[in-house]
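# Structural overview for review
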Amino acid sequence: MAADTLTADVLRNALVVAAEEASIVVVRSAYSTFIVEGSDASAALLDAEGRLIAQSMATTLMNSMALKVALPELVADIPLASMRPGDVYVLNDAYRGGVHTNDLLVYRPVFVGGRPAYFTATMIHVSDLGGLSAGGMAPLATDIFLEGLQLPPIRLATSAGIEPAVEAILRANSRTPDKVMGDVRALIAGTAVAAARLGALVEEYGETGLAAGVEAYLDYTEARTRAALAELPAGRFAASYPIDDDGIDLATPRHVRVALTLPGPEAARTGAVADFAGTDPQVPAAINASASQSLAAAVFAVRCFLDPAIPMNDGCLRAIDVRLPAGSLLDARSPHPCGGRYVPIYAAMEAVFQALSDAVPERAIAASGILQPFSIAAVGAPYWIHLAYDFGGVGARRGLDGPDATGVHFGIGRNSVPQAEPVESRCPLLVESVETVPDSGGPGRFRGGLGSRTVYRFLADCHVTTRGDRLRLAPPGRDGGLPGRLGGFYRRRLDGTLERLASKVNNVRFAAGEAFVVETTGGGGIGSPLERDLAAVAEDLRAGRVTSRGAAEDYGVRVAADGTLSRDAS
């Protein structure tokens, strides 16, 4: 390896490690259960122009895109010349690059030659910042004001510490003020660590050396992205994906639509275009998304069909043009709520997947069950909150069964389903069971991944809030594959009866002793189930992924008394 190549590779990894260390510091310093136990923290390095340089390994594209898109908004309100060493800034405005009110974006300028040249940034979903329900879940919000406290770009801290007025505002708008301020201090600490690492790189490489290295890193990523795009067939591929409902108007269907133009050999000149024209307009309900989140969905989906070793930074974004219609489900404008952003952006992701599957059938993927967010919270002070997601099954891929209960996701951290024991120690509940659901994966020559079932039994009265989708409209299969089995949210009453809840409910009161059952949806299958290899069916039976009844009804396979399998010739 040439010395120049080695030096460049060392620098690239050092930038990623700086961001990664920041995210680890946030996780270890935060107060919220979801952050501490779910390791859901993001960190990134950007330059003063707002270009994404590097992100932590656990950072999701949803978060790094927000940090990228929001930085120019911060600089527009607070000019670089007014910033001082030690300053830290915060915002959460969904219409200016943010996500939703509970996601705080925190920035620290890094000075080189007496001016801000770079920014270190961290982001987490803090425990609570008001709104209709605890923990930032407001599935029935009709405007953004019902989702919680909004923060324009403001100075959060100086070298002397957190701004007292800002802390007072945050505390006054939270059900869990001590946890929120613990989370905020963790975010600040993360930016400080990343800034120190970046400062060390300035000392090692020099101001011009580091700048040249960053520029080369972005150019290298762009070249690799364009080369990977050139391997895909040229053409225009259109697709759409439906949303169950908006939680309020259950009768009106909503759709996300995309036309994906692939350049083929012309990738070096034109790049790919994902145009979401025709996507339904924004609605006064919590199924809209901000532009940064929709950008993340499109970029993620395209990257899934490219070389996975390509770095994620601004160089990649230069090769993918994402066009979002203003005032649509994917680019909401005030005062439309944005908290339910998972619903439209996962539909956008699925639409791009479908378009790419049509373009490259040998890499096709069927639709997946997605994450099912929910919160469990105290009915009054003193407040405790458990915020979590459970994941659906991934759609089958050409030649491969879908993974079970992992979801195709780009919006959460390392292990966003917290372990049972820490949750039980922090909240008055018991996690009675966590299991996959047999027969829930969409039947096919290649089977969709299974959904899961988790049962929470409550030791105190509490409120449950849900924000699900793909619980009415099953993820379809491809090429003769069947849809995944629908999941749902349920109340198990004291007498054992089950009551199905709507996919989007707010503050449903549960009594102590009752249980909350979360079932996620399975992924779709690919190819006819009657073409599934008997050995694969036998393995599914042995592993409990498929029951004897499912084998017979879905795959036409009979299990004899001696355990041998047979399939009807018809």
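In what follows, the structure referred to is the one given above.
All figures in this text were calculated on a predicted structure; none of them were measured in a lab.

Conventions and cut-offs
Residues numbered from 1 in each chain as written. Predicted model: local features only at pLDDT ≥ 70, side-chain atom pairs only at ≥ 80, totals over all residues. Heavy atoms only, no water. Helix = DSSP H or I, 4+ residues; strand = E, 2+ residues; numbered from the N terminus. Rg over C-alpha atoms; globule rule 2.2 N^0.38 Å. Buried < 20%, exposed > 50% of the residue type's maximum accessible area, 1.4 Å probe, protein only. Areas by Shrake-Rupley, 256 points an atom, 1.4 Å probe, with all protein chains shown as cover. Lys, Arg positive; Asp, Glu negative; His and termini not counted. Charge placed at Lys NZ, Arg CZ, Asp CG, Glu CD. Core = buried A, V, L, I, M, F, W, Y, C linked by side-chain atoms within 4.5 Å. Contact = heavy atoms within 4.5 Å. Pairing = 2+ DSSP bridges. Axes fitted to C-alpha atoms, helices over the stretch in contact; angles between N-to-C directions. Salt bridge = Lys/Arg side-chain N within 4 Å of Asp/Glu carboxyl O. 1 Å grid on protein atoms, 1.4 Å probe; cavity = no way out; pocket = protein on both sides within 12 Å on 5 of 7 lines; lining within 4 Å. Points joined across faces, edges and corners; volume = space filled by probe spheres on them.

### Looking at the overall build of the chain
- Within the chain one finds twelve helices and 22 strands.
- In terms of C-alpha radius of gyration, the chain reaches 24 Å, essentially the compact-globule figure of 25 Å for 570 residues.
- Expressed along its principal axes, the backbone C-alpha trace of the chain runs to roughly 80 × 60 × 40 Å.
- By the burial criterion, 59% of the 570 residues in the chain qualify as buried.
- As displayed, the chain offers around 20400 Å² of accessible surface, 54% of which is attributable to carbon and sulfur atoms.
- In the chain, 51 side chains carry a positive charge and 64 a negative one; their mean positions are 1 Å apart.

### Thoughts on the nonpolar core
- Ranked by internal contacts, the top residues of the largest apolar core, which has 109 residues, are Tyr-107, Leu-156, Leu-170, Val-184, Phe-276 and Val-299.
- Beyond its immediate stretch of four places on either side in the chain, Val-299 contacts Leu-61, Met-312, Cys-316, Leu-317, Ile-320 and Val-322.

### Brief notes about the sheet that holds strand β2 (residues 52-55)
- With respect to topology, seven strands assemble into an open sheet ordered β2-β1-β5-β4-β3-β6-β7, the strand pairing being antiparallel. Strands at the two margins of the open sheet, each flanked by one partner only, are β2 and β7 (161-162).
- In this sheet, strand β4 (residues 103-112) lies alongside strand β3 (residues 88-91) in antiparallel orientation, the contact comprising three bridges. Among the inter-strand pairings, Tyr-89 is bridged to a residue of β4, identified as Tyr-107.
- In this fold helix α5 (residues 177-205) packs onto β1 (42-47), β3, β4, β5 (115-125), β6 (154-158) and β7, with an angle of close to 145° to the strand it touches most, β5.

### Let's talk about the pattern of salt bridges
- The tally for this structure, following the rule as stated, stands at 49 salt bridges.
- Here Asp-128 and Arg-175 are joined by a salt bridge, their closest N and O atoms 2.9 Å apart. One end of the pair, Asp-128, is in the loop between β5 and β6; the other, Arg-175, is in the loop between α4 (164-172) and α5, with 47 residues separating them in the sequence.
- The exposure class of Asp-128 is buried, given its relative accessible area of 0%.
- With its nearest N and O atoms 2.5 Å apart, the salt bridge here joins Arg-398 to Asp-479.

### Examining the pairing of strand β16 (residues 462-467)
- Among the six residues that make up β16, six are buried, leaving the element largely enclosed by the rest of the structure.
- Looking at chain direction, β16 and strand β19 (residues 504-510) are connected through five bridges and run antiparallel. Paired with Cys-462 across the strands is Phe-510, a residue of β19.

### Details of the sheet that holds strand β13 (residues 385-390)
- What the four strands build is an open sheet, ordered β13-β12-β16-β19; its pairing is antiparallel. At either end of the open sheet lies a strand with only one pairing partner, and these are β13 and β19. Adjacent strand axes in the sheet meet at a mean angle of 15° when their direction is disregarded.

### A short note on empty space enclosed by the protein
- In the structure shown here, the tally under the stated rule is five cavities of 30 Å³ or more.
- Looking at the largest cavity, the residues that line it are Ser-32, Thr-33, Phe-34, His-125, Val-126, Ser-127, Lys-179, Ile-385, His-386 and Leu-387.
- Secondary structure elements with two or more residues in the lining of the largest cavity: α2 (33-38) and β13.
- When residues in the lining of the largest cavity are grouped by element, the largest group, three residues, is from β13.

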